[in-house]
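Take a look at the letters that make up each chain.
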Amino acid sequence: MMVDENACRTPDWLTVRRDDDHDVSDAVVLVGAATRTRAGLFAALATALALPTYLGDTWDALSDVLADRLDAGPLTLLITDAGQLLVDEPTDQYALLLTVLGDLATNAPHPLRVTLDEAPPS
């Protein structure tokens, strides 16, 4: 049986921050409380990134508008209190979000970085 040594490794585009060691000063910040549902996440992204009004409510639509955004330049997202991210949705929605972001990070012309901030409030 082969063991995938990378199975537990966090991808390069994703950082989980449990303290204040990482500098994300250039990040677009999403507040975890606003991202508890898919609709809330989409609305928070649309507002923070001034995404087009034609943004639908599907993962494919989000992928398309974020791909267009990444055509213009790099993007860093910081999600504060990340333990709340999609917590009111079925668990597969979180996995779908990570898949969408991972595909974008791998294929976009400019870098996508995502930081999930799980640091306790100071």
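Residues numbered from 1 in each chain as written. Predicted model: local features only at pLDDT ≥ 70, side-chain atom pairs only at ≥ 80, totals over all residues. Heavy atoms only, no water.

Some points on the packing of aromatic side chains
Stage number 1. For the coordinates displayed, the defined rule picks out one aromatic pair.
Stage number 2. Pairing Phe42 with Trp59 gives two aromatic rings, centres 5.2 Å apart and planes at 75°, and the pair type is edge-to-face. One end of the pair, Phe42, is in helix 1 (residues 38–49); the other, Trp59, is in helix 2 (residues 59–72), and 17 residues separate them in sequence. Trp59 carries the same exposure label as Phe42, and that label is buried.
Stage number 3. Positioned above the aromatic ring of Phe42, the side-chain terminus of Arg38 is 5.9 Å from the ring centre. (Phe/Tyr/Trp six-rings, centres within 6.5 Å; stacked < 30°, edge-to-face > 60°. Helix = DSSP H or I, 4+ residues; strand = E, 2+ residues; numbered from the N terminus. Buried < 20%, exposed > 50% of the residue type's maximum accessible area, 1.4 Å probe, protein only. Lys NZ or Arg CZ within 6 Å of the ring centre and 35° of its normal.)

Describing the pattern of salt bridges
In a structure, side chains of opposite charge can pair up when their charged atoms sit close to one another.
Stage number 1. Inspection of the entire model under this criterion finds three salt bridges.
Stage number 2. Notably, a salt bridge pairs Asp117 with Arg17, separated by 2.7 Å at the nearest N-O pair. Taken together, the residues Asp117 in strand 4 (residues 112–117) and Arg17 in strand 1 (residues 14–17) connect sequence positions 100 residues apart. In this pair, the class of Asp117 matches that of Arg17, namely buried. (Salt bridge = Lys/Arg side-chain N within 4 Å of Asp/Glu carboxyl O.)

Quick word on the sheet that holds strand 2 (residues 28–31)
Stage number 1. Pairing is parallel across the open sheet formed by four strands, whose spatial order is 1-4-3-2. At either end of the open sheet lies a strand with only one pairing partner, and these are strand 1 and strand 2. Taking the axes of each pair of neighbouring strands and ignoring which way they run, one obtains an average angle of 20° across the sheet.
Stage number 2. Bridge count between strand 1 and strand 4: four bridges; the pairing is parallel. (Pairing = 2+ DSSP bridges. Axes fitted to C-alpha atoms, helices over the stretch in contact; angles between N-to-C directions.)

Fair warning: the whole summary comes from geometry, so function is off the table for now.
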